[in-house]
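Analysis of the macromolecular model
Each chain, letter by letter, is given below.
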Amino acid sequence: MRNDSQDKINAQRRQLMKYSALTLGGIALSGLLASPAARAADDEILIGYWPIVGGLPLYVGVEKGIVKQAGLNVRAVKFASPQQVVEAMITGRIHGCANGTAIGALGLGAITSPNLFKIICSNPSNEKMVLDEFLVPTDSTAKTIGDLKGKRIACGPGIQNVTMAKIILEKNGFSDPKVIELPVGQHAPSLAAGQIDGVYTLEPTGTVARLKGMGKVLETGVISKYVLGDASAPWFGGAAALTSSFIDADKARAQKMADAYGEAVKFIQQQPEEARRFVAGYTSIDAALVKEVPLPGFVMYDQLNGENLQWFQKFYDVFTERKIFSKSLEVAPLIYKA
């Protein structure tokens, strides 16, 4: 007889693979996982990222030479979705991921491949530290998310984005909501073209849409408000992590990487205006607009305790309740220990 628990885990892996096989313009994006660009030289540390503001510590660490000063040769590898980043970690093609990688996708990875990674940093956001938001076309008459009932609603690719969008819509009176998955780079243009009537998205999309007249922000901090039930609560929606295989292979080198990442976080906290300019080279926003981009918070592994850990766990519990996770997942064992 087949083991029911193993069947669930295998199904979870197939689900993760399904979201990794998204296509854009007829080109299989999952092919990036096998491309030469995602193979490391002998001394390289490959860190995958999804092109949103959340990945800023990686961008700063590379561009300011922080990782190089630590004696590390780090290369940032761009992927089209958080699921592709996690799949690359599972297959050993990269050594870790940057902030902004959806913790839902990481959680699925941890279930399908136990002891896959350890979290070195997470990026909390809420109504004041803006990352997540709901946008509508510039000429939309909608005043609330509830006004979008019966309209075409989109979100970013992947299980976390889809799940969060549906919960937000349900909390605003939608019954059995349907959402369209689109790459984040298509969110603002799709609003402007009238192809969608609303979108749950992440920065810098809202800033791009607003400043280019392609759309407007309807509401920010939607996960804290509608999913966690407190608009001021920290939503730990993304995280940076190192694979356990990388850590185990060279603990001293892994510690240097974690320390360098922490230095990049300090730089962002101390010089946010200077740090913002690196968003332009890694996301869809133009350099002339970066000053307008809001930044999420960044919390290193040694601060992921107390209330921070409780809020983080509450978010993971949502995935268990929604049966996205085949079993409950505890956050504490997933956090890096120096």
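Residues numbered from 1 in each chain as written. Predicted model: local features only at pLDDT ≥ 70, side-chain atom pairs only at ≥ 80, totals over all residues. Heavy atoms only, no water.

In space, the 5 strands of this open sheet follow the order 9-8-10-7-11, with mixed pairing throughout. Edge positions in the sheet fall to strand 9 (180-181) and strand 11 (216-220), since each of these pairs with one other strand and no more. Note: strand 7 (residues 132-136) against strand 10 (residues 198-202), 4 bridges, orientation antiparallel. Looking across to strand 10, one finds that L135 is bridged to V199. (Pairing = 2+ DSSP bridges. Helix = DSSP H or I, 4+ residues; strand = E, 2+ residues; numbered from the N terminus.)

All right, on to the packing of helix 5 (residues 103-112) against helix 14 (residues 306-321) then. Packing of helix 5 against helix 14 leaves a shortest axis separation of 11 Å and a crossing angle of 70°. Comparing their axes, helix 14 and helix 5 come out roughly perpendicular. Crossing of helix 5 over helix 14 shows right-handed handedness. In this structure, helix 5 uses I103, G104, L106 and G107 to contact helix 14, whose residues at the interface are F312, F315, Y316 and F319. (Axes fitted to C-alpha atoms, helices over the stretch in contact; angles between N-to-C directions. Parallel < 35°, antiparallel > 145°, perpendicular 65-115°, else oblique. Left-handed = near helix turned anticlockwise from the far one by under 90°. Contact = heavy atoms within 4.5 Å.)

This part is about the pattern of salt bridges. If you walk through the whole model with that rule in mind, you get 12 salt bridges. Here E274 ties to K64 by a salt bridge, and the two come within 3.8 Å at their closest N and O atoms. One end of the pair, E274, is in helix 12 (residues 272-276); the other, K64, is in the loop between helix 2 (56-63) and helix 3 (66-69), and 210 residues separate them in sequence. Between E170 and R322 there is a salt bridge whose closest N-O contact spans 2.6 Å. With E170 in helix 6 (residues 159-171) and R322 in the segment after helix 14, the pair connects residues that are 152 residues apart, well separated along the chain. You can call R322 partly exposed: its relative accessible area is 35%. Several salt bridges converge on common partners, so that one network encompasses K64, E274 and R277. (Salt bridge = Lys/Arg side-chain N within 4 Å of Asp/Glu carboxyl O. Buried < 20%, exposed > 50% of the residue type's maximum accessible area, 1.4 Å probe, protein only.)

The next subject is the nonpolar core. Buried together is how nonpolar side chains tend to be arranged in soluble globular proteins. L56, Y200 and Y261 are the most contacted members of the largest nonpolar core, which totals 109 residues. Sorting elements by how many residues they give to this core places helix 11 (residues 251-270) first, with 9 residues. Among the nonpolar cores identified, the runner-up in size contains 9 residues, and L135, L182, L191 and I196 belong to it. (Core = buried A, V, L, I, M, F, W, Y, C linked by side-chain atoms within 4.5 Å.)

Our focus in this paragraph is the confidence of the model for the protein. On average, residues of the protein score 90 in pLDDT, and 88% of them reach the 70 mark or higher. Scored below 50 in pLDDT, residues 17-37 makes 38 contacts in the model with residues more than four places away or belonging to other chains. (pLDDT = per-residue confidence, 0-100.)

What follows is about the packing of aromatic side chains. Counted under the stated rule, the structure contains 10 aromatic pairs. Where Y49 meets Y282, the ring centres are 5.5 Å apart and the plane angle is 70°; that geometry is what we call edge-to-face. One end of the pair, Y49, is in strand 3 (residues 44-49); the other, Y282, is in helix 13 (residues 279-282), with 233 residues separating them in the sequence. Note on accessibility: Y49 and Y282 belong to one class, buried. Between Y59 and Y282 the ring centres are 4.3 Å apart and the planes differ by 5°, which places this aromatic pair in the stacked class. One end of the pair, Y59, is in helix 2; the other, Y282, is in helix 13, and 223 residues separate them in sequence. Judged by its relative accessible area of 0%, Y59 is buried. On the basis of relative accessibility, which here comes to 10%, the residue Y282 falls in the buried class. (Phe/Tyr/Trp six-rings, centres within 6.5 Å; stacked < 30°, edge-to-face > 60°.)

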